[in-house]
Amino acid sequence: MKTLPLRKSDWRKEPGVHYLVALDVDGTLVNHDGKMSEAVKEATRQVAEAGHHVVISTGRSLGATLPIAQLIGLDRGYTVCSNGAVTVSIDPGAEGGYRVVDKVSFDPSSAITTIKERLPQASLALEAPDGTVYATDNFEDWSFGVKTTKVSRTQMAAMDSAVRVVVCSPEDTPADFKEVISNLGLSGVNYAVGWSAWLDISPEDVSKATALEEIRQGLGVKPEHTIAIGDGLNDREMIQWAARGVAMGQALPEVAELATDVTLSVYDDGVVPIIRELL
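These notes cover the structure that comes with them. (Residues numbered from 1 in each chain as written. Predicted model: local features only at pLDDT ≥ 70, side-chain atom pairs only at ≥ 80, totals over all residues. Heavy atoms only, no water.)

### Looking at the sheet that holds strand β4 (residues 86-90)
With mixed pairing, 8 strands are arranged side by side in an open sheet as β5-β4-β3-β2-β1-β12-β13-β14. The open sheet is flanked by β5 (98-103) and β14 (261-262), the only strands paired with a single partner. Of the strand pairs in this sheet, β4 and β5 are connected by 5 bridges, and their pairing is antiparallel. Within β5, the residue paired with Val-86 across the bridge is Lys-103. In the packing of helix α6 (residues 208-219) onto the sheet, contacts are made with β1 (20-23), β2 (53-57), β3 (78-81), β4 and β12 (226-230), and the angle to β3 comes to roughly 160°. (Pairing = 2+ DSSP bridges. Helix = DSSP H or I, 4+ residues; strand = E, 2+ residues; numbered from the N terminus. Contact = heavy atoms within 4.5 Å. Axes fitted to C-alpha atoms, helices over the stretch in contact; angles between N-to-C directions.)

Take a look at the structure:
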C-alpha cells in the first residue's frame, strides 16, 4: 500500500483546553480488514478520559457505529453517522444507550432513478429515517449494522425519504465507476465516491462537517480547538472544517492536500501519535 510523506504543522496544544476530536472509522480507527488495534483503542480511551470530546464521525449507519463506540469504551458524547445525516448522543440512561438528537432526510427518488438507468448492474441500499435499510438482492455489506429488507430497484426508486443511499458496482473498476458517476449530473444531493466502486449519497449541504459544527457550538468549543482525522473523500469537509485537519498516510492525494498534517497509515496506527499529543 502506497503511503504519503509525513507532514507536520506547527500546531501546539493549549494547556487546560478540552478539544473536540472528530475521528473517522474505516481507514482511521479501523483498518481495511475491519480490525482496530489495541494501541488505537487505548489511546482513544485515554483521550476521552482526559476530558476531550471524542466524536466518532463516519459514513457508517447507526447500527454499525455504536459497536465502535463500545469497543473504545465511550460512555458519553456524540457520534456522527451516515456522513452527517444522523447525530447521536451516547447516553447510558437512554433506551439502547443512546439518543438520536438530529436526523436529516432527503428525497432520493430522482438520484436512484438516474443510477438505475445508467448503472443497471449496480447494487443499491437505502437507509430510511426510521433506521430500516432497504437493499437490492445483490447488495451485501456490513456497514449498516442491521439486516436489510430486500426490494427491487423500481420499489426503491419510488421511496421518497432517506438519510443515506449507497451504490456499489463491483463489476466496474474504481476509475470507470468514478467516471460514470461524475457524468450522471446528480443534483439536490451530496455524494462521495469511495475507495472502490462505491458511492455514498447524502442530503444536499449535509456532511460530517455540518454535523460536527452543530456539536461544536452546542459544546461551546472554540473553532481553534477542533481536530479531525480521516482518509476518504467523505472526510474532505471535516478536514477543512477542523483547525487541525489530519489525513491518514494512505489517504487519497486530494484529501491530503486539504490537511494541515499527514500522519502514518492506518496499518501503522497513524491516529495514535496525533491524539496522544492531547495527553
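### Points about the pattern of salt bridges
Going through the model one piece at a time under the given rule, you end up with 11 salt bridges. Between Asp-235 and Lys-208 there is a salt bridge, with its nearest N and O atoms 2.5 Å apart. Here Asp-235, found in the loop between β12 and α7 (236-241), pairs with Lys-208, found in helix α6; they are 27 residues apart in sequence, far enough to count as distant. On the basis of relative accessible area, Lys-208 is assigned to the buried category, the value being 1%. The partner of Glu-277 in a salt bridge is Arg-244, and the shortest N-O contact between them spans 3.4 Å. Highlighted residues: Glu-277 in the segment after α9 (271-275) and Arg-244 in strand β13 (residues 244-247), separated in sequence by 33 residues. (Salt bridge = Lys/Arg side-chain N within 4 Å of Asp/Glu carboxyl O. Buried < 20%, exposed > 50% of the residue type's maximum accessible area, 1.4 Å probe, protein only.)

### Description of the sheet that holds strand β9 (residues 164-168)
Strands sit in the order β8-β7-β6-β9-β11-β10 across an open sheet of 6 strands; the sheet is mixed. Only two strands of the sheet have a single partner each, and these edge strands are β8 (149-150) and β10 (189-193). As paired elements, strand β6 (residues 123-127) and strand β7 (residues 133-135) share 3 bridges and run antiparallel to each other. Note on β7: the bridge partner recorded for Ala-125 is Ala-135. Contacting β9, β10 and β11 (198-203), helix α5 (residues 174-182) runs over the sheet at an angle of about 165° to β10.

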